[in-house]
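Examination of the molecular architecture
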Amino acid sequence: MTPPKKIVLTFGTFDVFHIGHVNILERARELGDMLIVGVSSDELNFAKKGRYPVYRQEHRIRIINSLHCVNHVFVEESLELKGDYIKQYKADVLVMGDDWKGKFDHFSNLCEVVYFPRTDDISTSDIIQTIQNNKEL
Ligand code: C2G
């Protein structure tokens, strides 16, 4: 009998895809046999941040889906549904960046919860800011 696959689940907006995103996805995948990614919907981002992502949902999903380390992508419609997604996808591990440290500890009754350190000195907001500054030069 083949041993059961270890399923890793992570979430994010992944807007203006950058090396910090690559790092966390590759590290997440190394924790198991399958990596499933919940990509936040445009509406969820608007509700949370008061602005829409630069890259629209369909494009962000295609980018994440094109990565070797990712096995499946779905749309994260609500922040409140994480527990349901963990159960639906039978996740063994939930991975988040440490900007979320402690926020998802209550899911440790459903799966292992792991926070990875964020990659230093890069973020979508900084990239957007740099582009805006350059435009003004
Ligand atoms: N990340 C990272 N290093 C960076 C930037 C981001 O490790 N320099 C990680 C974040 O910690 C997160 C993932 O990359 O785990 C995706 O980042 P965002 O797109 O900013 O995700 P966010 O909007 O925080 O997630 O349920 C959570 C939501 O989906 C929103």
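For the structure itself, consult the block above.
Quick caveat: nothing in here was measured; it's all calculated off a predicted structure.

What to know about the pattern of salt bridges
- Summed over the entire model, instances satisfying the criterion amount to 5 salt bridges.
- Where D42 meets R60, a salt bridge forms, and the shortest distance between an N and an O atom there is 2.6 Å. Note that D42 is positioned in helix 2 (residues 42-49) and R60 in helix 3 (residues 57-65), a separation of 18 residues in sequence. Each member of the pair, D42 as well as R60, is classed as buried.

Points about the packing of aromatic side chains
- Applying the stated criterion across every chain, the model contains 7 aromatic pairs.
- Centroid distance F11 to F74: 6.1 Å. Interplanar angle 90°. Geometry classified as edge-to-face. You can see F11 sitting in strand 1 (residues 7-12) and its partner F74 sitting in strand 3 (residues 72-76), a full 63 residues away along the chain. For the residue pair F11 and F74, the accessibility class agrees, reading buried in each case.
- Ring centres of F74 and Y89 lie 4.6 Å apart, and the angle between their planes is 25°; on these two criteria the pair is classed as stacked.

Considerations on the site of the ligand
- Contacts to the ligand come from 21 residues, most closely from S40, E76, K82, D99 and I122.
- Here S40 contributes a side-chain N or O atom positioned 2.5 Å from an oxygen atom of the ligand.
- Here K49 contributes a side-chain N or O atom positioned 3.3 Å from an oxygen atom of the ligand.
- In isolation the ligand exposes 640 Å². Once the protein is present, 94% of that is buried.
- Of all the elements in the fold, those that place two or more residues in the shell around the ligand are strand 1, helix 1 (19-30), helix 2 and strand 4 (93-97).
- Here the shell around the ligand gets 3 residues from one element, more than from any other, and that element is helix 1.
- Partitioned by chemical class, the residues of the shell around the ligand number 7 nonpolar, 8 polar and 6 charged.

Rules behind the numbers
Residue positions are given per chain, counting from 1 as you read along its sequence in written order. Side-chain atom pairs in this predicted model are given and counted only at pLDDT of 80 or more, local residue features only at pLDDT of at least 70, and totals for whole chains, interfaces and linings cover all residues. Think of the side-chain values as coming from all heavy atoms in the structure, minus any hydrogens and water. Note on definitions: salt bridges are taken to be side-chain nitrogens of Lys or Arg within 4 Å of carboxyl oxygens of Asp or Glu. A run of H or I in DSSP becomes a helix once it reaches four residues, and a run of E becomes a strand once it reaches two; helices and strands are each numbered from the N terminus. Exposure categories follow from relative accessible area, calculated using a 1.4 Å probe and restricted to protein chains: below 20% of the type maximum is buried, above 50% is exposed, and the middle band is partly exposed. Think of it this way: a Phe, Tyr or Trp ring, Trp meaning its six-membered ring, pairs with another when their centres are within 6.5 Å, and the plane angle makes it stacked under 30 degrees, edge-to-face over 60, tilted otherwise. Near, as used in this document, describes a residue that has one of its heavy atoms within 4 Å of the molecule or strand being considered. For the purposes of these results, a polar contact is taken to be a pair of N or O atoms within 3.5 Å, where, inside protein, one atom must be able to donate a hydrogen and its partner to accept one; residues adjacent in sequence count only when each atom of the pair is a side-chain atom. Under the convention used here, a 1.4 Å probe and the Shrake-Rupley method define accessible areas, while residue burial counts only the protein chains that appear. Classification convention: Asp, Glu, Lys, Arg as charged; Ala, Val, Leu, Ile, Met, Phe, Trp, Tyr, Cys, Pro as nonpolar; all other residues, Gly among them, as polar.

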